Amino acid sequence: MRTVLIVDDDDGVAESLAQALTVHGFMALRAATGADALDLLDDVSLVLLELSLPDLAGHEVCRRIRERSCVPILAMSDRAEELDRVMAFHMGADAFAYKPVGSYELSARIQALFRRAGNCPWHEGHGEAPRAVDGPAQGLTSAADTLSAGPLGLDLRTRTVALNGEEIPVTRREFDLLAMLMEEPGTVHRRQDIMAQVWDENWFGSTRTLDVHVGSLRSKLGNRDWIETVRGIGYRLVIPPKPLTPAHRTPEKAGG
């Protein structure tokens, strides 16, 4: 049975969420503060995070969770402004839901997050770290586990990104966005399709958070040309051209 951590300082809301989770076959664990949530993180498979907490801002809790875990985070609030939601996404939240949310919708959102988190090695076993593999197979990665575009490489098994052999730290959402673009380099992906696959198939409203994540990835890749904006449609991955190397000319001899 998967354990879902409810992070909410409102006893009534937390109790209602716990009952809904239990009905749908989940085990509910509750933390009333961000600090308590961080202490309980290793025992859970998903986090329901209220953005307004008495000790830490919700996006700060997201950031601290992402420093040590790829556990799915469903941010929740009954009054969050767009900036609050964007900040939560930027810091690592996987989806957002307004409260109150019906039990069936809650269950569907959680199941969708579990499906998208299937490649995360840290929480397939309810918080247990992946075990090391002994023998000659250790460190080997099959072609199906990797994506590449020129000097840019992405490992789906370890969820790591490397450029020219050097690892680049990315958030969970940035990784999923880059993986989608790298699956078909040069192909234009519509904004709506990216939001549905990387964020939430039921997403509605502003897609500003996508622009924020694209900007962050461009910065980390060191060249904004990696991700090209197709105005009015979406984005595509493009391998930047190598800078031209001036040709070396042999000096002409005098009198030649």
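Here, every reference points to the structure presented above.
This write-up is about the structure you can find in this document. (Residues numbered from 1 in each chain as written. Predicted model: local features only at pLDDT ≥ 70, side-chain atom pairs only at ≥ 80, totals over all residues. Heavy atoms only, no water.)

## Topic: the overall build of the protein chain
To keep it simple, the criterion reads: Elements are defined by DSSP. Helices are runs of H or I of four residues or more, strands are runs of E of two residues or more, and each kind is numbered from the N terminus. Residue contacts are counted whenever heavy atoms from the two residues lie within 4.5 Å of one another. Here the accessible surface of atoms and residues is derived via Shrake-Rupley with a 1.4 Å probe, and residues count as covered only by protein chains that are part of the display.
Across its full length, the protein chain carries eight helices and twelve strands. The contacts of the protein chain with a sequence gap of at least 6 include a subset with a gap of at least 24, amounting to 58%. For the protein chain, the computed accessible surface area is about 13900 Å², with 51% contributed by carbon and sulfur atoms.

## Topic: helix 4 (residues 82–90)
Rules: In this scheme, a residue with accessible area under 20% of its type's maximum is buried, one over 50% is exposed, and one in between is partly exposed, where area comes from a 1.4 Å probe on protein chains only. For this quantity, the arc is that covered by the directions from the helix axis to the C-beta atoms.
Of the residues making up helix 4, those classed as buried are Arg85, Val86, Ala88 and Phe89. The arc that holds the buried residues of helix 4, viewed along the axis, is 160°, so those residues lie on one side. Contacts made by the buried residues of helix 4 are with helix 3 (58–66), strand 5 (95–98), helix 6 (172–183), helix 7 (191–199) and helix 8 (208–221). With its phi angle positive at about 130°, glycine 92 sits one or two positions after the end of helix 4.

## Overview of the packing of aromatic side chains
Here is the rule we go by: Side-chain rings of Phe, Tyr and Trp, where Trp is taken by its six-membered ring, are said to pair if the distance between their centres is within 6.5 Å; with planes under 30 degrees apart they count as stacked, over 60 as edge-to-face, and otherwise as tilted. Here, a charge over a ring means that NZ of Lys or CZ of Arg falls within 6 Å of the ring centre while also lying within 35 degrees of the ring normal.
All told, the structure shown has two aromatic pairs when counted by the stated rule. Aromatic pair phenylalanine 96 and tyrosine 98: ring centres 4.9 Å apart, planes at 90°, arrangement edge-to-face. For the cation-ring pair, arginine 2 lies above phenylalanine 114, with the distance from its terminal atom to the ring centre recorded as 3.9 Å.

## Regarding the pairing of strand 11 (residues 227–230)
Selection rule: Being paired, for any two strands, means DSSP has found at least two bridges between them.
Pairing between strand 11 and strand 12 (residues 234–237): four bridges, direction antiparallel. In the sheet register, threonine 229 faces strand 12, and the bridge partner there is tyrosine 235.

## Considerations on the sheet that holds strand 3 (residues 46–50)
Put simply, the rule is: Axes, fitted as lines to C-alpha atoms, cover a helix only where it is in contact. Angles between the N-to-C directions of the axes lie from 0 to 180 degrees.
Pairing within the open sheet is parallel, and its five strands lie in the order 2-1-3-4-5. The open sheet has two edge strands, strand 2 (27–31) and strand 5, and neither has a second partner. Taken over all neighbouring pairs, the strand axes of this sheet differ in orientation by 25° on average, direction set aside. As defined by bridge partners, strand 1 (residues 3–7) adjoins strand 3 across four bridges and the pair is classed as parallel.

## Section: the environment of tryptophan 199
Considering the arrangement of structural elements, one finds tryptophan 199 in helix 7. When its relative accessible area of 0% is taken as the criterion, tryptophan 199 is described as buried. Taking the C-alpha atoms as reference, tryptophan 199 lies 9.1 Å from aspartate 176; in sequence the two are 23 residues apart. Non-local contacts of tryptophan 199, meaning those with residues more than four positions away in its chain, are made with Phe89, Asp94, Arg116, Arg173, Ile194, Thr209, Leu210 and His213.

## Some remarks on the pairing of strand 4 (residues 73–77)
Our working rule: With the strands pointing away from the viewer, any crossover whose connection runs clockwise from the first strand over the helix to the second is right-handed.
Burial within strand 4 is extensive, with five of its five residues counted as buried. Burial along strand 4 is two-sided: the face carrying Ile73, Ala75 and Ser77 and the face carrying Leu74 and Met76 are both buried. Two elements, strand 3 and strand 4, share four bridges in a ladder whose sense is parallel. Residue pairing in the sheet places glutamate 50 in a bridge with methionine 76 of strand 4. Note that the unit made of strand 3, helix 3 and strand 4 has a crossover that is right-handed.

## Examining the pattern of salt bridges
Stated precisely, the cut-off is as follows: Salt bridges, as used here, are contacts in which a Lys or Arg side-chain nitrogen is within 4 Å of a carboxyl oxygen on Asp or Glu.
A complete count under the given rule lists 16 salt bridges for this structure. Close ionic contact of aspartate 94 with arginine 66 constitutes a salt bridge, the shortest N to O distance being 2.9 Å. Pair noted here: aspartate 94 is in the loop between helix 4 and strand 5 and arginine 66 is in helix 3, with a separation of 28 residues, a long-range link. Judged on exposure class, the residue aspartate 94 and its partner arginine 66 are both buried. Residue arginine 173 is joined to aspartate 94 by a salt bridge in which the shortest nitrogen-to-oxygen separation is 3.9 Å. Of the two residues, arginine 173 sits in helix 6 while aspartate 94 sits in the loop between helix 4 and strand 5, which places them 79 residues apart along the sequence. Per residue, the accessibility class of arginine 173 equals that of aspartate 94, and both read buried.

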